[in-house]
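The primary structure of each chain is shown beneath.
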Amino acid sequence: MSPVEKIIVGLEERSYPIFIGPDLLNVADKYLVDYISDRQVIVICDTVTGPIYQGSITKTITSVCARLDNLRVPAGEASKSFSAYNALCDEILNIGIDRKTVLIALGGGVLGDLVGFVAASLLRGIDFIQIPTSLLAQVDSSVGGKTGINAKAGKNLIGAFHQPKLVLVDTSVLITLPKRELLAGYAEIIKYGLLGDAYFFSWLEKNWFNVLSLKQEEIIFAVRRSCEMKADIIAKDEMETGMRAMLNLGHTFAHAFEAVGQYNGDLLHGEAVAAGLGLAFDFSVAKKICKPEDALRVHAHLIEVGLPDDYSSLPAGKASASTLIQHMKKDKKAIAGNLTFILANKIGGACVMPNISENELTTFFMAKGVNHV
Ligand SMILES: NC(=O)c1ccc[n+]([C@@H]2O[C@H](COP(=O)([O-])OP(=O)(O)OC[C@H]3O[C@@H](n4cnc5c(N)ncnc54)[C@H](O)[C@@H]3O)[C@@H](O)[C@H]2O)c1
């Protein structure tokens, strides 16, 4: 039996633990007791994770809390919407809550972002716990307190920073996650190696097959290292005024690819991130801040594991440079229309690159064979 890993996200009075290990759902009461004892708890799943996991968590914690209710929201990105937010708030308020009520988000990144935002706003903020069930949520979205929903104008444009009280990562639940979703989550793991830990990236090059085969030792190491790196960055820059932006390596490209696809489900977030990582390294090479060999290694690893490494292979691969740039200008890092990118000096060395001009970006896209208009 693998030991349970514990990481602390150090945010003074808002610090919280992340527990990582196999089969933790079945012993969730042991980890949650201090946070839910004698309190009202509402467990929220989506319509895919609910039927699989809601029963076991409620069975485990029901004797610990004062009252337990279960809710479900439709699975899929469409639930990060005003209407889903509104419906969930109403359902929770109809149950009746007080300031000590705790929400538990048991699901992927969509559910965690939505429930976190609901927790941030109900009664001006109540406690919530993340029990992430997708690989992407386990290594990224459940940690760091970014919560929110999408607007017509773009992704994640409405939200709040609201830290969970605890994150419980049960690596055994990944067994039921569809392979494509698993691979999409792995893209975020690659991102951590590329942005700040060259040794970790080399380890992934050697051990990716065991990670994706869910060998417990390797998957736990990969999840732990990712959470550790994210926790470290969050502790230094919770509100993204500086180095937290490094976590967006590849994401300015990725968000544009997702926007072109209009979030219709053909392209998963992690797949867009994978292609974005490939392009971020290519752009870094084009700007002569990174060696071509490093970009080749990034592409080789993405291809080897079966992730997209370039925009042209994505479903919306025919969008013009100007369309992509228009979407990039809506990025939250853009200031007064000027584009800022997270690029890389080397594998394991991300850097912030402000003031990227449209011309420079157009030239880069055209060199990659993307049409101008
Ligand atoms: N808050 C943040 O810091 C942050 C960071 C990265 C991504 N995100 C957000 O995360 C979202 C993507 O998250 P995601 O990739 O988890 O998508 P998701 O929540 O839609 O989950 C993917 C699919 O897998 C299913 N699923 C989840 N766990 C499962 C399991 N164990 N077994 C079977 N099915 C399972 C879900 O029901 C869903 O159908 C995006 O909206 C993105 O913007 C947020």
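To be clear, the structure that these remarks concern was listed above.
Heads up: these notes are all about the structure in this document. (Residues numbered from 1 in each chain as written. Predicted model: local features only at pLDDT ≥ 70, side-chain atom pairs only at ≥ 80, totals over all residues. Heavy atoms only, no water.)

## A few points about the overall build of the chain
Point 1. For the chain, the count of helices and strands is 13 helices and 11 strands.
Point 2. Computed over its C-alpha atoms, the radius of gyration of the chain comes to 20 Å, within 12% of the 21 Å expected for a compact globule of 373 residues.
Point 3. Its C-alpha atoms give the chain principal-axis dimensions of about 60 × 45 × 35 Å.
Point 4. For the chain, buried positions account for 58% of its 373 residues.
Point 5. Partitioning the intrachain contacts of the chain with sequence separation of at least 6 by distance along the chain shows that 74% fall at a separation of at least 24.
Point 6. Considering the chain, the positive charge centre built from 36 side chains and the negative charge centre built from 40 side chains are found 3 Å apart. (Helix = DSSP H or I, 4+ residues; strand = E, 2+ residues; numbered from the N terminus. Rg over C-alpha atoms; globule rule 2.2 N^0.38 Å. Buried < 20%, exposed > 50% of the residue type's maximum accessible area, 1.4 Å probe, protein only. Contact = heavy atoms within 4.5 Å. Lys, Arg positive; Asp, Glu negative; His and termini not counted. Charge placed at Lys NZ, Arg CZ, Asp CG, Glu CD.)

## Focus on the site of the ligand
Point 1. If you check the shell around the ligand, you find 26 residues, and the closest are Asp 46, Gly 109, Thr 133, Ser 134 and Thr 176.
Point 2. Here an oxygen atom of the ligand sits 2.8 Å away from a polar atom, N or O, in the side chain of Glu 77.
Point 3. Notes on the ligand: free accessible area 860 Å², of which the protein chains cover 90%.
Point 4. The set of elements that each furnish at least two residues to the shell around the ligand consists of α2 (49-61), α4 (109-121), α5 (135-141) and β8 (154-161).
Point 5. Residue composition of the shell around the ligand, grouped by class: eight nonpolar, nine polar and nine charged. (Near = heavy atom within 4 Å. Polar contact = N/O pair within 3.5 Å; in protein donor to acceptor, adjacent residues only side chain to side chain. Areas by Shrake-Rupley, 256 points an atom, 1.4 Å probe, with all protein chains shown as cover. Nonpolar A, V, L, I, M, F, W, Y, C, P; charged D, E, K, R; others polar.)

## With respect to unusual backbone geometry
Point 1. Positive phi values are uncommon outside glycine, yet Arg 124 reaches one of about 65°.
Point 2. If you trace the backbone, Arg 124 turns up in the loop between α4 and β6 (127-132).
Point 3. A positive phi angle, close to 55°, is found at Asn 156, a residue other than glycine.
Point 4. Along the chain, the position of Asn 156 falls in strand β8.

## Focus on the pattern of salt bridges
Point 1. All told, the structure shown has 22 salt bridges when counted by the stated rule.
Point 2. With a shortest N-O distance of 3.8 Å, Glu 5 and Arg 224 are connected by a salt bridge. Of this pair, Glu 5 sits in strand β1 (residues 5-9) while Arg 224 sits in helix α8 (residues 216-236); the two residues are 219 residues apart in sequence, bridging distant segments of the chain.
Point 3. Under the relative-accessibility criterion, Arg 224 is labelled partly exposed at 21%.
Point 4. Its salt-bridge partner being Lys 287, residue Glu 360 comes within 2.5 Å of it at the nearest N-O pair. Within this pair, whereas Glu 360 is found in helix α13 (residues 358-367), its partner Lys 287 is found in the loop between α10 (269-286) and α11 (292-305), the two being separated by 73 residues in sequence.
Point 5. Overall, Glu 360 belongs to the partly exposed group, its relative accessible area being 27%. (Salt bridge = Lys/Arg side-chain N within 4 Å of Asp/Glu carboxyl O.)

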